[in-house]
Structures are given as C-alpha cells and as structure tokens.
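Here is how the chains run, residue by residue.
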Amino acid sequence: ESGTTVVAANCALVLFTSGSAGHPKGVQLSWQNIEAASEAICASLDFHAVKQQWLLLNLHYSFGLLGQLLPAIRMGAQTQRADHILEVVRALGDGELNGMISGVPSQLLTLCQLIERSQKKAAGVTHVVSAGAAVSASLRRQLCDVFPSATIYVNYGQTEASPRILCLNSNDENFHSDATGYPVGNLKTNISEEGELLVAGDQIMLGYLGDVPSPVIDGWLHTGDTASQAPSGLVTIIGRKDVVVNVGGEKVALANVEAAINALPGVTCGMVCPVANEHYGNALYAVLVFDAAPLSYAGLVKLLGEVVASHCIPSRFYQAQALPTNANGKLDRSKANAYFQAAQRII
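These remarks concern the structure in this document. (Residues numbered from 1 in each chain as written. Predicted model: local features only at pLDDT ≥ 70, side-chain atom pairs only at ≥ 80, totals over all residues. Heavy atoms only, no water.)

Bringing the overall build of the protein chain into the picture now. The helix and strand inventory of the protein chain stands at seven helices and 20 strands. Compactness check: the protein chain gives a C-alpha radius of gyration of 20 Å against a globular reference of 20 Å for 347 residues, within 12% of the reference. Each principal axis of the C-alpha atoms in the protein chain carries an extent, and together these give about 55 × 50 × 40 Å. Counting all 347 residues of the protein chain, 49% fall into the buried class. By sequence separation, contacts in the protein chain at least 24 residues apart represent 62% of the contacts at least 6 residues apart. A total accessible area of about 15,800 Å² is found for the protein chain, and carbon and sulfur atoms account for 51% of it. Looking at the protein chain, you have 21 positive and 28 negative side-chain charges, and the mean spots of the two groups are 7 Å apart. (Helix = DSSP H or I, 4+ residues; strand = E, 2+ residues; numbered from the N terminus. Rg over C-alpha atoms; globule rule 2.2 N^0.38 Å. Buried < 20%, exposed > 50% of the residue type's maximum accessible area, 1.4 Å probe, protein only. Contact = heavy atoms within 4.5 Å. Areas by Shrake-Rupley, 256 points an atom, 1.4 Å probe, with all protein chains shown as cover. Lys, Arg positive; Asp, Glu negative; His and termini not counted. Charge placed at Lys NZ, Arg CZ, Asp CG, Glu CD.)

Here we come to the pattern of salt bridges. Under the defined criterion, the tally for this structure stands at five salt bridges. Notably, a salt bridge pairs Glu306 with Lys302, separated by 3.2 Å at the nearest N-O pair. Both residues of the pair, Glu306 and Lys302, belong to the exposed class. Of the charged contacts, one joins Lys335 and Asp332 as a salt bridge, the two residues approaching to 3.8 Å between their closest N and O atoms. (Salt bridge = Lys/Arg side-chain N within 4 Å of Asp/Glu carboxyl O.)

What follows is about the sheet that holds strand 20 (residues 316–319). In space, the three strands of this open sheet follow the order 18-19-20, with mixed pairing throughout. Single-partner strands in this sheet number two, and they are strand 18 (267–277) and strand 20. Strand-to-strand, the axes of this sheet are offset by a mean angle of 25 degrees, without reference to chain direction. Sheet topology note: the strand 18/strand 19 (residues 281–290) ladder contains 10 bridges and is antiparallel. For Val267, the partnering residue across the bridge sits in strand 19 and is Phe290. (Pairing = 2+ DSSP bridges. Axes fitted to C-alpha atoms, helices over the stretch in contact; angles between N-to-C directions.)

The next subject is the pairing of strand 7 (residues 151–157). Within strand 7, six of the seven residues are buried, which leaves the element mostly enclosed by the surrounding structure. Taken together, the four bridges between strand 6 (residues 125–130) and strand 7 define a ladder with parallel strand orientation. Bridge pairing links Val129 to Tyr153 in strand 7. Chirality of the crossover, the property in question, places the unit of strand 6, helix 5 (residues 137–146) and strand 7 among those that are right-handed. Linking strand 7 back to strand 8 (residues 164–169) in an antiparallel pair, the connection comprises six residues, with Ser162 at a positive phi of about 70 degrees. (Right-handed = clockwise from strand over helix to strand, strands pointing away.)

For the rest of this paragraph, the subject is the side chain of Gln53. Relative to the elements of secondary structure, Gln53 occurs in strand 3 (residues 52–55). Looking at Gln53, the relative accessible area reads 0%, which means it is buried. For Gln53, the side chain forms a polar contact with the side chain of Thr79, separated by 3.0 Å. Among residues more than four places away in sequence, those in contact with Gln53 are Phe47, Gln68, Leu69, Ala72, Gln78, Thr79, Gln80, Met100 and Ser102. (Polar contact = N/O pair within 3.5 Å; in protein donor to acceptor, adjacent residues only side chain to side chain.)

Here we come to helix 3 (residues 85–93). Within helix 3 the residues assigned to the buried category are Ile85, Val88, Val89, Ala91 and Leu92. Seen from one end, helix 3 has its buried residues packed into an arc of 160 degrees, which puts them on one side. Next to the buried residues of helix 3 lie strand 3, strand 5 (99–103) and helix 4 (105–118). (Arc of directions from axis to C-beta.)

Further remarks concern the nonpolar core. Ile101, Leu111 and Phe147 are the most contacted members of the largest nonpolar core, which totals 42 residues. For this core, the secondary-structure elements that each account for two or more residues are helix 3, helix 4, strand 6, helix 5, strand 7, strand 18 and strand 19. Residues within four places of Leu111 in sequence aside, it is in contact with Ile85, Val88, Val89, Ile101 and Phe147. Phe47, Val104, Leu166 and Ile204 belong to the second-largest nonpolar core, a separate cluster that totals 30 residues. (Core = buried A, V, L, I, M, F, W, Y, C linked by side-chain atoms within 4.5 Å.)

Next up, the structure:
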C-alpha cells in the first residue's frame with residue numbers, strides 16, 4: 001500500500017522514476033502490470049514485424065527495459081544496445097542498420113543530424129520509436145524525411161503505468177499535429193475537471209515504496225499532466241500541472257509557451273526557464289534549437305505574439321545545438337544557466 005516501506009506481496013519489479021517532477025520514487029509493479037504493458041506495446045508498435053532493434057536507452061529506465069527490451073524478447077526480436085549514437089551511424093555505413101530504432105527525442109534529433117551530414121540512406125529502418133519527452137512537429141517531419149521507409153511512433157508514458165500510456169504513428173492523419181496519441185492496450189483515459197489526464201487499467205502500478213502518497217485514487221492514476229481528448233480518443237498532452245510561474249503578477253504555464261515555440265517555423269525544440277527578476281518576480285528566458293537559419297528576436301516576438309499573451313513571451317532568447325537533458329533524456333531546466341551566454345543570445 002501507499003505510505004509504507006513494505007513491498008507488496010505481488011510485486012515483481014521496482015523501478016525508480018527519473019525525478020524530473022520531483023524526487024525519484026520507487027514504483028512497484030506486478031507481473032500483471034508487466035504482462036499487460038508488454039502485450040499493449042507489442043500491438044501498438046507493430047512488434048510482430050520487427051526482427052532486430054537498436055536501443056539507445058539505459059535499461060534502468062522504464063522506457064528502455066519495459067518499453068522496448070521486454071517486448072522484443074516476447075516477440076523474439078534481437079536487441080542491439082548502442083552505448084553511443086555513433087555506433088548506430090557506423091552500423092548504417094556498414095549496411096547493418098535494420099529494423100527498429102528507439103530513443104528519446106534528443107537522441108533521435110542528433111541521429112537525424114548525423115545521418116543527414118553523412119548523406120547516407122536509412123532504407124533498412126522500418127520502425128522509429130520515440131518516448132520520454134514530447135516530439136515537436138518539426139522533429140516529426142525530420143524523422144519522416146530521414147527514415148522514409150519507416151513508420152514513426154511517438155509515445156507518452158509514466159513509470160507508474162508500466163510505462164506506456166499513449167501512442168501515435170506516422171500512418172495516422174493526426175501525426176503531423178501536436179497530438180500525443182491514443183491509449184494503448186486496455187487503458188482508459190479521462191480528463192478531470194481541472195484538466196488533468198487520468199488513466200486506469202491493468203498497467204497501473206501497485207504503489208510507491210516508502211512513505212509517499214500514491215497518485216492512484218479509486219483505480220485512476222493522476223498523471224500530473226494536463227491534456228485534452230478528442231471524441232476519437234486521441235489525447236494531446238498540454239503540460240505539467242505544477243510547472244506554472246508568476247511573471248509580473250500573471251500566471252504562466254511554461255509548457256504552453258514551449259508548445260507555442262515548438263510550433264514556430266524552423267524551430268526543432270525549445271525550453272523556457274524562469275529567471276528571478278526584481279521587478280517582475282520572474283522573467284522568462286528561452287533556449288532554442290533551430291533546424292534552419294535562426295529567427296531574429298523581433299521575428300520570434302512577432303510570431304509568438306500571435307498565439308500567446310504578451311506576458312508569456314520570453315524577454316530573452318538563446319540559440320543552442322541541443323537542449324540540456326538528464327540521464328534519461330528529459331529536459332533539465334536546472335542546467336539552463338550554462339546556456340545563457342552573450343554569444344548565444346538572439347538579437
């Protein structure tokens with residue numbers, strides 16, 4: 001049960017969360033959780049057609065272990081774990097890069113850039129799987145261009161759900177929108193009155209280790225993420241409930257600003273960070289990665305002003321080759337200060 005150090009009698013595995021939304025937590029999963037997740041992932045990623053996968057993920061990470069390795073074992077697919085992205089590029093040059101590639105968006109972005117520079121073709125890749133963070137429309141287009149023979153799968157999940165919750169592939173007409181995906185397996189989704197995504201089904205964890213309140217209430221996992229859901233069941237993640245800052249007396253949801261930035265032409269991905277300001281409480285700085293010539297400061301302000309309120313527009317923009325991430329590839333705002341350099345500022 002939640003709030004106890006005792007391991008549940010039917011606990012088969014304990015995995016720790018990345019801590020991107022607070023301190024890492026020990027998630028207790030049963031064999032039923034794991035079996036349901038593996039079956040759902042095999043179906044949603046069309047694993048029946050995979051003979052080999054290249055894994056760019058750590059196996060202590062739920063996406064790597066439960067999301068990719070165990071389904072591959074279940075379906076008899078060979079797994080080659082790459083310690084470095086250059087191994088994958090070398091395999092491409094040797095004609096050995098076939099089947100499925102899985103990684104977080106930052107890894108796949110780097111892989112795309114390296115393949116484009118090498119001017120090699122990735123015709124043998126049939127599945128490209130991304131999870132762990134949102135995939136911008138720009139990166140979705142780039143993945144389709146670099147891997148023309150592959151189906152691209154974008155995913156959303158949490159360790160508490162073993163871990164896959166939503167999946168959307170490039171054969172769907174909504175793929176090139178900001179939509180996140182459809183529920184996998186027998187998962188049910190609902191949106192609370194506060195706009196929070198709730199999830200129920202056989203994949204939901206037993207509880208946490210230690211004296212930590214469980215986010216599972218009456219069978220529903222409260223994800224902490226805000227979302228919208230279409231009548232078709234298609235879910236779009238908007239952002240974290242708790243990543244809201246005060247700018248000049250106005251509440252700003254960082255995820256909403258980041259979504260607007262990621263939709264700008266030429267922007268691959270962006271991160272918005274609050275910086276203490278004596279006049280406004282917080283100022284907003286943004287770090288951007290471009291896939292083409294960078295927009296000017298005036299251009300960024302003009303385009304953002306068309307979709308967000310003026311107090312949501314960052315006061316400074318910085319250009320970077322890649323965004324700071326933690327060991328699991330998720331955005332790490334704590335490292336942002338190193339990116340606020342005069343030479344990288346967009347004017």
